[in-house]
Every structure is written in structure tokens, then in C-alpha cells.
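# Structural overview for review
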Amino acid sequence: MKKFSRYMLMAAVALFSWACQPDDLNDLETPNYELRKEGVVGAWKVNAVKLVDVPLAAIDDPLAEQDVTDVFDASQLEFTFKADNTFTIKKKEGSNAPNFFGVESGTWSFYEEEGGFVTKMKLTEGDKSVDLVFESAPRPGHSLSVSFVRNAGGEDILKYVYDLNL
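One structure accompanies this document, and this report is about it. (Residues numbered from 1 in each chain as written. Predicted model: local features only at pLDDT ≥ 70, side-chain atom pairs only at ≥ 80, totals over all residues. Heavy atoms only, no water.)

This part covers the overall build of the protein chain. Of regular secondary structure, the protein chain possesses three helices and nine strands. Each helix (α) and strand (β) of the protein chain, taken in turn from the N terminus, gives the series α-α-β-α-β-β-β-β-β-β-β-β. Out of the 166 residues belonging to the protein chain, those deemed buried represent 29%. Put simply, 45% of the contacts in the protein chain that link residues at least 6 apart link residues at least 24 apart. For the protein chain, the accessible area works out to roughly 10,600 Å², and carbon and sulfur atoms hold 54% of it. (Helix = DSSP H or I, 4+ residues; strand = E, 2+ residues; numbered from the N terminus. Buried < 20%, exposed > 50% of the residue type's maximum accessible area, 1.4 Å probe, protein only. Contact = heavy atoms within 4.5 Å. Areas by Shrake-Rupley, 256 points an atom, 1.4 Å probe, with all protein chains shown as cover.)

What follows is the structure, given as C-alpha cells:
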């Protein structure tokens, strides 16, 4: 019985070690910028939109967050980020989905943080621009979650969190 238990323990350790491996070992060798770019490029459809009242969230009010996907018909929006660093945000014909970003097409770029980490991107159309913060690290083959914040008088008021799928 002891021999069987030892083999079971060894099998469990081996299985646990295998399960803890990164999804793609190439992720470790790919520069952060290029990996993040691969994770952003594509035609993204809106899966969900969450509206966050920033002052209420700061005091942990349970009413601070609301799912507004259906309220704004957000599933009718499509975000396209191309490898040449151009983008479009468009809605399907006849949709009442609002584009809260204030930009529809132009160029996109990453903000590269200290250490080469990418945490947000800038969408620019002419003299207008908007910053999108990555709620999760963009990676190839995964959904994308971005947010942007509206402010008034220098204070953050509303945060929109968009969950996107290819």
C-alpha cells in the first residue's frame, strides 16, 4: 500500500507541475510589446459593457457597477485594430449604440511603462485622442478587456469597461 501511495503522490506532483506551465512557452521569449500587439490586432465584438461610478467605487458602494450592455445596445459595436496601427470603431447599420470614445478611426499606439510593460493604449483621430487601459494583459488567443474613464473638473467620474471577443 505504501508503494501505491508513493506512486500516487509522484503522479499528483507531476500533474500539478504540468498544470502550472505557461500556456505558451514562447510568451516568455517574445518582447512584451510584440506579444501585446499580437493580442490586440483583430476585429473585436463587444461581449459586455460595465459602467462604474468611480466615486461610489472608491467607497465600495455595491451600486457602483452596472452592466449596461443591453441598455446601450453595445453588442452592435465593433473595434478593429490592425497590425499597421490603424483602428476603427463602428456600429452596425441602424444601431443606437453610442460611441463614448469620441473617435471613430485613426491610429493606435501603446504606452510602454517602465520595464517594457504595456498597460494602456492611445487611440488618436486628428487632434482628438482617448486612452484605453488594459483591464487584463492582451494576449493572442484570449478575450480583451479595456476601459476608459470620463472626468469632469479634473476628477474621474465614470469608467466604462468593455469586454471584447474576436
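Moving on, we come to the nonpolar core. In this structure, Phe 79, Phe 81, Phe 101, Met 121, Leu 123 and Tyr 162 are the most contacted members of the largest nonpolar core, which totals 30 residues. Of all the secondary-structure elements, those providing two or more residues to this core are β1 (42-53), β3 (77-81), β4 (86-91), β5 (105-112), β6 (118-125), β7 (128-134), β8 (144-152) and β9 (155-165). Take this core: its biggest share by element is four residues, from β1. Excluding residues that lie within four positions of it along the chain, Phe 79 makes contacts with Gly 42, Ala 43, Trp 44, Val 46, Thr 88, Ile 89, Phe 101, Tyr 162 and Leu 164. (Core = buried A, V, L, I, M, F, W, Y, C linked by side-chain atoms within 4.5 Å.)

Here β5 pairs with β6 via six bridges, running antiparallel. Looking at β6, one finds that Ser 109 is bridged to Lys 122. Joining the antiparallel neighbours β6 and β7 is a turn of two residues, in which Gly 126 adopts a positive phi near 60 degrees. (Pairing = 2+ DSSP bridges.)

Before going further, it helps to spend a moment on the environment of Ile 89. Residue placement: Ile 89 occurs in strand β4. Remark: the alpha-carbon pair of Ile 89 and Gly 102, spanning 13 residues in sequence, is separated by 9.9 Å. Discounting chain neighbours no more than four positions away, the residues touching Ile 89 are Leu 77, Glu 78, Phe 79, Asn 99, Phe 101, Val 103, Glu 104 and Leu 123.

Turning our attention to unusual backbone geometry. The phi dihedral of Asp 73 falls on the positive side, at around 55 degrees, and the residue is not glycine. Summarising the element assignment, Asp 73 is placed in the loop between β2 (65-67) and β3. For Asp 73, a relative accessible area of 25% gives the class partly exposed. Phi angles above zero are rare outside glycine, and Asn 85 is one such case at about 70 degrees. With respect to the helices and strands, the residue Asn 85 is situated in the loop between β3 and β4.

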